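Summary of structural features
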Amino acid sequence: MTTLQSGPDSIYDLLGIGFGPSNLALAIALHERAAESAGGDGFRFGFLEKQPRFGWHRGMLIDDATMQVSFLKDLVTMRDPTSDFSFLCYLREQGRLVDFLNQKTLFPLRIEFHDYFEWAAARLTQRVEYSAEVCSVRPVTEDGEVRYFDVATRDPRAPGRSTVRRTRGICVATGLEPHLPPDALLSERVWHNSELLPRVDEVVHSARPIRRAVVLGAGQSAAEAVDYLHRRLPDAEICSVFAKYGYTPADDSPFANRIFDPEAVDLYYGAPREVKQSLLDYHRSTNYSVVDVDLIEALSRTMYQEKVQGVSRLRMLNVSRIREVESHGDEVRVTVEFLPTGEREVLAADLLVYATGYQPQGIGDNLGEIGKLCLRDEEDALKVGRDHRVTTAPNVTADIYLQGGTEHTHGLTSTLLSTTAVRAGEICSSVLARHAANTLEAEQPVGRG
């Protein structure tokens, strides 16, 4: 079903590309601002999402996994605590507010927070077109100025037909894509952890026995995958392979967490390049390749209990790397090198899971030729303003905003939920201010010479 209008007479002021939590938060901010003003000041906006419905890391919605950020860092509260799109309003509507408070926790179940996102997205269905994969964004030039972008989409189920919508600005929030080691080949027995739940369900309901599964990675997702596989495959040996000596606990102490404060973005943005790099290096342990200490301790207890019982199904192959992967029929042979000695072991496995993280998509991956309109610094990184708007060539008056892919300018929170609400508010204010200025300029009478 087509939700958003198209055609030459239907020009948007802003089209969002992608409709995950970041652009959902922006949609809410724009929706609420429109509700505050009579007729929304004529600002037209919509969002395009290639998935058939809202979904956020569905493959990792493990039943007992909890969020790693407070519920107060939802889609709106840090921007406007009175918004009725908050997690607390969701709980009240679901009849679980008192029950949640009785849990005495700041960290909801991940499946519950995903349901909250779906609840919020369902209230904005008129603003989003699902099954709309962006296949190109082309600049539209008038009188020497790039004033618009033509955004072409196609339904993944019917790729032969495309729809074009014209807009004065875009906001790109296409999220992260799975990162894989070089030369990694995915198959029915080799996959990225982003597919964990559906793949494990297939395995559990199939007739083939699973004797051994190998997980590569040392971060939260890797540890969660190890724990989940150990529970769901009770007859299999689960091998965790990583180059560290042990899992590194996430630093979520109060002072370290200040790196996620909204004010920290201001400081980071204005800091010299070498200070930015130092901050990233110092505080990587708050987010990258780290694991919640509760999960680390739970896995350690499991290993010890198995030793006591004389049946060790959970193996930690630490200080090790995977050197070779070969598929032989229904078997995957994984060669693991123990780095201190160089000794190698070949594991005959039924499953190999790459829990090797995610990476931002480059702007050219989605935008094609308009990427050439974006200015870059001396290290070939995009120039991005504090309001998350990409700096473009002087003849470009159409706007490009980014949610994600701005760690080099805005710090660690550029792809995290911690400042989603605040970032959405900043972009909302910027696009509406520019819209008002352009409207005022267009209404000015032409002077007489």
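Let us look at the structure shown here. Source: prediction; values computed, not measured.

**Details of the packing of helix 6 (residues 220-232) against helix 9 (residues 293-309)**
Between two packed helices, both the angle of their axes relative to each other and the distance between the axes serve to describe the pair. The interhelical angle for the contact between helix 6 and helix 9, taken along N-to-C directions, is 40°, at an axis separation of 10 Å. Relative to helix 9, helix 6 is oriented so that their crossing is left-handed. From helix 6, Q220, A223, E224, V226, D227 and H230 reach across to helix 9, where they touch L295, L299, T302 and E306.

**Quick word on unusual backbone geometry**
With a phi angle near 55°, S131 is a residue other than glycine that sits in the positive phi range. Looking at where S131 falls in the secondary structure, it is placed in the loop between strand 4 (128-129) and strand 5 (133-142). With a phi angle near 45°, V319 is a residue other than glycine that sits in the positive phi range. Here V319 is to be found in the loop between strand 13 (314-317) and strand 14 (320-328). Given a relative accessible area of 14%, V319 falls into the buried group.

**Here we look at the sheet that holds strand 16 (residues 343-349)**
With antiparallel pairing, three strands are arranged side by side in an open sheet as 14-15-16. Two strands bound the open sheet, and with one partner strand each, they are strand 14 and strand 16. Neighbour-to-neighbour, the strand axes of this sheet turn through a mean angle of 20°, independent of strand direction. With eight bridges joining them, strand 14 and strand 15 (residues 331-338) adopt antiparallel strand pairing. In the sheet register, V325 faces strand 15, and the bridge partner there is V334.

**Remarks on the packing of helix 5 (residues 196-204) against helix 6**
Where helix 5 meets helix 6, the axes come as close as 11 Å, and the angle between the chain directions of the two elements is 20°. The angle between helix 5 and helix 6 falls in the class roughly parallel. At the point where helix 5 passes helix 6, the crossing takes the right-handed sense. When helix 5 is examined against helix 6, the residues L196, L197, V200, D201 and V204 are found in contact with a partner set consisting of A225, Y228, L229 and R232. Across the contact of helix 5 with helix 6, the residue classes tally to seven nonpolar, no polar and two charged.

**Looking at the environment of R434**
Turning to its location among the elements, R434 is positioned in helix 12 (residues 420-443). In this structure R434 comes out as partly exposed when scored by relative accessible area, which is 26%. Along the chain, R434 and D399 lie 35 residues apart, while their C-alpha atoms are 9.4 Å from each other. Apart from residues lying up to four places away in sequence, R434 is in contact with R389, T397, D399 and Y401.

**Quick look at the nonpolar core**
Side chains of a nonpolar character, in soluble globular proteins, are inclined to be buried together. Core analysis: the largest hydrophobic core is formed by 42 residues, its most contacted members being F19, L24, L26, L30, L75 and F117. At the level of elements, helix 1 (21-36), strand 3 (45-48), helix 2 (87-94), helix 4 (110-122) and helix 12 are the ones that each hand at least two residues to this core. Considering every element that reaches this core, the biggest residue donor is helix 1, with seven residues. For L24, the contacting residues outside a window of four places in its chain are F19, F54, L75, F117, A120, A121 and L124. Within the second largest apolar cluster, 32 residues are counted, among which are L196, A218, A222 and V291.

**A look at the environment of E441**
Mapped onto the secondary structure, E441 falls in helix 12. Under the relative-accessibility criterion, E441 is labelled exposed at 59%. Taking the C-alpha atoms as reference points, E441 and A120, 321 residues apart in sequence, are found 35 Å from one another.

**As for the pairing of strand 11 (residues 212-216)**
Strand 11 sits mainly inside the fold: five of its five residues count as buried. The two faces of strand 11 match: R212, V214 and L216 on one face and A213 and V215 on the other face are all buried. As judged from the five bridges shared by strand 11 and strand 12 (residues 237-241), these two strands associate in the parallel manner. In the sheet register, R212 faces strand 12, and the bridge partner there is E237. The handedness of the strand 11 to strand 12 crossover, carried by helix 6, is right-handed. Relative to strand 17 (residues 351-354), strand 11 runs parallel, the two being bridged by four bridges. Counterpart to A213 in the pairing with strand 17 is L351.

**Side note on the sheet that holds strand 7 (residues 158-167)**
What the four strands build is an open sheet, ordered 1-7-6-5; its pairing is mixed. Among the strands making up the open sheet, the edge pair consists of strand 1 (11-12) and strand 5. Bridge analysis of strand 5 against strand 6 (residues 145-155) gives nine bridges, and the strand direction is antiparallel. Each residue of the ladder has a partner; that of V134, found in strand 6, is T153.

**A short note on the side chain of D227**
With respect to the helices and strands, the residue D227 is situated in helix 6. Leave out the neighbours within four places in its chain, and D227 touches L295 and L299.

The rules we used
- Residues numbered from 1 in each chain as written.
- Predicted model: local features only at pLDDT ≥ 70, side-chain atom pairs only at ≥ 80, totals over all residues.
- Heavy atoms only, no water.
- Axes fitted to C-alpha atoms, helices over the stretch in contact; angles between N-to-C directions.
- Helix = DSSP H or I, 4+ residues; strand = E, 2+ residues; numbered from the N terminus.
- Left-handed = near helix turned anticlockwise from the far one by under 90°.
- Contact = heavy atoms within 4.5 Å.
- Buried < 20%, exposed > 50% of the residue type's maximum accessible area, 1.4 Å probe, protein only.
- Pairing = 2+ DSSP bridges.
- Parallel < 35°, antiparallel > 145°, perpendicular 65-115°, else oblique.
- Nonpolar A, V, L, I, M, F, W, Y, C, P; charged D, E, K, R; others polar.
- Core = buried A, V, L, I, M, F, W, Y, C linked by side-chain atoms within 4.5 Å.
- Right-handed = clockwise from strand over helix to strand, strands pointing away.

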